[in-house]
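Residue strings, one per chain:
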Amino acid sequence: MGDLTRIFVAAALVNNFVLAYFVGLCPFFGVSKEVPTALRMGGAVTFVMVLTAAAVSFLNAYVLPVAPYLRLISYIVVIASLVQIVEMVVRKVSPALFRALGIFLPLITTNCAILYLALFQYARGYDFLEGMAFSFGAGAGFTLALVLMASIRQRSETASVPAIAREMGLAMIIAASLSLAFMGFAGLFSSVA
Amino acid sequence: MSEKSGGDIFLRGVWEENPVLIQILGLCPTLAVTNTVENAVAMALATAFVLVGSSGLVSLVRRIIPDQVRISAYILIIATFVTVVDLLMAAVAPSASKALGPFVPLIVVNCMILGRAEAFASKNPFFPSILDAAGTSSGFAVALLMMGGVRELLGSGSLLGLHVLPGSWEPWVIMILPPGGFLTLGVILMGLSWWWRRGQKADETARPRRWPHGVREPEERAA
Amino acid sequence: MSGGGPAGTGGGAEAGTGGGAGREGGGGMPVQPSSSRLVGTLGLLSVVAGVAIVLVHAWAQPRIEAHQREELRLAIEEVLGEPQRYETRWIRDGRLLDSLPAGADSSAASPVYAGFDANGRLVGYAIPGQKAGYQDVVRLIFGYDPDAGKVLGMKVLESKETPGLGAKITSDSAFIHGFDGVEAPIEGVKHPARDAHQVDMITGATISSTTVISIINDRLEAVGPVLSKAGTRTATAAGSPGADAPRTAAAAGPGPRAAGPGQGGGER
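This structure is a prediction, so every number in the text was calculated from the model and none was measured. (Residues numbered from 1 in each chain as written. Chains lettered and ligands numbered in written order. Predicted model: local features only at pLDDT ≥ 70, side-chain atom pairs only at ≥ 80, totals over all residues. Heavy atoms only, no water.)

A. Representation of the interface of chain B and chain A in the model. The interface of chain B with chain A comprises 37 residues on the first partner and 37 residues on the second. Summed over both sides, the interface between chain B and chain A buries roughly 3,400 Å², with carbon and sulfur atoms accounting for 80% of that surface. When the buried area of chain B at its contact with chain A is split by residue, B:Val109, B:Phe182 and B:Met190 rank highest and sum to 19% of it. Linking chain B to chain A there are zero salt bridges. There are zero residue pairs in polar contact (both at pLDDT 80 or more) connecting chain B and chain A. (Contact = heavy atoms within 4.5 Å. Buried area = accessible area lost by both parts, 1.4 Å probe. Salt bridge = Lys/Arg side-chain N within 4 Å of Asp/Glu carboxyl O. Polar contact = N/O pair within 3.5 Å; in protein donor to acceptor, adjacent residues only side chain to side chain.)

Written out as structure tokens, the structure reads:
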């Protein structure tokens, strides 16, 4: 159990997907203007990540040993299908949420974070439970980074910012500071014997 | 838009609609693999292969693919090219393949590739599509090289592995770490923004800035 | 055609949703193509894609495996002091095996590489290991002589530790060679080693250094007794035709990057 906790916390904090691994950057910069939106996007991404991890662990165990070169294509197909399914389910279950998420849901398909999750899960050889811990952690970390970014950017809306830094320039600098801060989590699980 | 010449199509991808610096696409590889110039070059080449190949193929089959499944078809084509380039790289350039790691397969979700296929290659003949893809690839390469050059130079004191700065220079290790990536891109973007606004101050008929998707128009432009 | 399988099904499912529901995809087309046309197009595309991938894979895979074998061979040579050749052995359920029985689950067994000198005598075993370090997983291989109970050498294969600090575990030769001849259990210290159990850690990289040490300690704790029990076995001389100098058809040791399907190893 300690292992699973370690995988979860490592994915969320120590090796944060956005701030350390550089994946999921398009939504990170595109959706992080307001906190509530950021939360919803983070939730949607986490949901898709967990489902993906489950599907991928199944694929890794039973399908891919037969045709390993189809890994990439099968992951893509799975992710695209899952997003489609999530979209249909959300639309039926909660139309309000569907409207709130808008175009973000389909965008999750090209979100490199999901595919990276699948590839990483395979590279580390995680089994089903480890994959679950990993995907929850990754989603939680992604949401955390997104919400932090959104809160800061929301505040900076009313601050006076030099014209050249408006929008992307400032966003990058904020991201740099967040990334620097998260580096402090390194060594959280040091292997001191 | 009037008929553009081939050169125009090509250059548009490099400067006016630079995928990274103007459209803010493909951020993931731009930040992740630019800690050395060598990695930046490898990624630029791999992406170019996929972009040109997939744009070309999409253009060739554009009349055959039904509209409803075009996105799936494009993704399938792109994923195939990416799988091919991943295998080729691992076979002929194993150290580059290892250095780039999972970011080669991640080329498949690089928004600029699907974007070009959807926006241009699906509606244009073969050769213009190739030119468009080549231009976008070159624009991507320019951005990657800028990032890689700055980060490797300041972070390791070298360029392409050759030590350029004197040994007494204490490298700014942060530059090759994640914060340095964000910082470098931020400075480059600010520099570009300054350049554009300078132009606008002097010349009111300057080319309109292309704002990337999801970014709101600023309330006021530089006075 | 396995290439068409998953992609075709996925494409077909999406075609069904798009074409059948007919909401977003319709565009301005008055007549929508039939479902069979949608499925057929994607299916054909999948088949072509599958064929292309299979062809490239067939060309590339031997080269990829050759690179992996070469990398492994170089690493083994470095940590075992340049043996003449090596053979792959497997440790499973506390026993040392020459090869895995066909169809056995290779994930339950861990490989070690036995190195032999020109006289066919066992030089030692090259043992891989990995563990989470400061930033990410550290993967290394080290040489071990079970008779003398000494570590012969250590090489870090993969690490993402902090450049300039923890990353020195790959480059600091004083640290790396500090492992030549140490005895388990290894103790990391912050001064020059005073006995055969101590290794002087890298300044400013205590955690990364400790990771390396604990990987070796853990592995030796797990497999050391098994290897000592096996005794000094001489090479299986007439055994396998492939057991030649590693430069020619080397033993099919599984590469560090487990890209291929999980085949049971053992020499060819």
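Moving on from the coordinates now.
B. Fine view of the packing of helix 3 (residues 35–63) of chain A against helix 8 (residues 128–156) of chain A. All names here are of chain A. In the contact formed by helix 3 and helix 8, the axes pass within 8 Å of each other and the chain directions differ by 165°. It follows from the interaxial angle that helix 3 and helix 8 lie roughly antiparallel. Our pair here, helix 3 against helix 8, has a crossing hand that is right-handed. (Axes fitted to C-alpha atoms, helices over the stretch in contact; angles between N-to-C directions. Helix = DSSP H or I, 4+ residues; strand = E, 2+ residues; numbered from the N terminus. Parallel < 35°, antiparallel > 145°, perpendicular 65-115°, else oblique. Left-handed = near helix turned anticlockwise from the far one by under 90°.)

C. Spotlight on the confidence of the model for chain C. All names here are of chain C. Chain-level pLDDT for chain C is 72 on average; 70% of the residues reach the 70-or-more range. Within the model, the stretch residues 1–29 combines pLDDT values under 50 with 48 contacts to residues more than four positions away or in other chains. Overall fold confidence for the complex sits at a pTM of 0.76, while the interface term, ipTM, reaches 0.84. (pLDDT = per-residue confidence, 0-100.)

D. Up close: the pairing of strand 3 (residues 110–116) of chain C. Residue and element names in this part refer to chain C. Summarising burial for strand 3: six of the seven residues are buried, a large majority. Pairing of strand 1 (residues 85–92) with strand 3 involves seven bridges; the strand directions are antiparallel. For Trp90, the partnering residue across the bridge sits in strand 3 and is Pro111. Where strand 3 meets strand 4 (residues 122–132), four bridges bridge the pair, whose relative direction is antiparallel. Bridge assignment links Gly115 to a residue of strand 4, and that residue is Gly124. The turn linking strand 3 back onto strand 4 is made up of five residues, and Gly120 within it adopts a positive phi angle of 85°. (Buried < 20%, exposed > 50% of the residue type's maximum accessible area, 1.4 Å probe, protein only. Pairing = 2+ DSSP bridges.)

E. Local environment of the packing of helix 1 (residues 2–14) of chain A against helix 8 of chain A. All names here are of chain A. Direction vectors running N to C along helix 1 and helix 8 enclose 30°, while the axes themselves pass 7 Å from each other. Comparing their axes, helix 8 and helix 1 come out roughly parallel. Taken as a pair, helix 1 and helix 8 cross one another with a handedness that is right-handed. Facing helix 1, whose interface residues are Leu4, Ile7, Phe8, Ala11, Ala12 and Leu13, helix 8 presents Leu129, Glu130, Ala133, Phe134, Phe136, Gly137, Ala138, Ala140, Gly141 and Leu144. Residues belonging to the contact of helix 1 with helix 8 are distributed by class as follows: 13 nonpolar, two polar and one charged. (Nonpolar A, V, L, I, M, F, W, Y, C, P; charged D, E, K, R; others polar.)

F. View of the pairing of strand 1 of chain C. Residues and elements named next belong to chain C. With seven of its eight residues buried, strand 1 lies for the most part within the structure. Relative to strand 2 (residues 95–97), strand 1 is paired through three bridges, and the arrangement is antiparallel. Directly across from Ile91, in strand 2, lies its bridge partner Leu96. Between strand 1 and strand 2, which pair antiparallel and follow one another directly, the connecting turn spans two residues, one of which, Asp93, has a positive phi of 50°.

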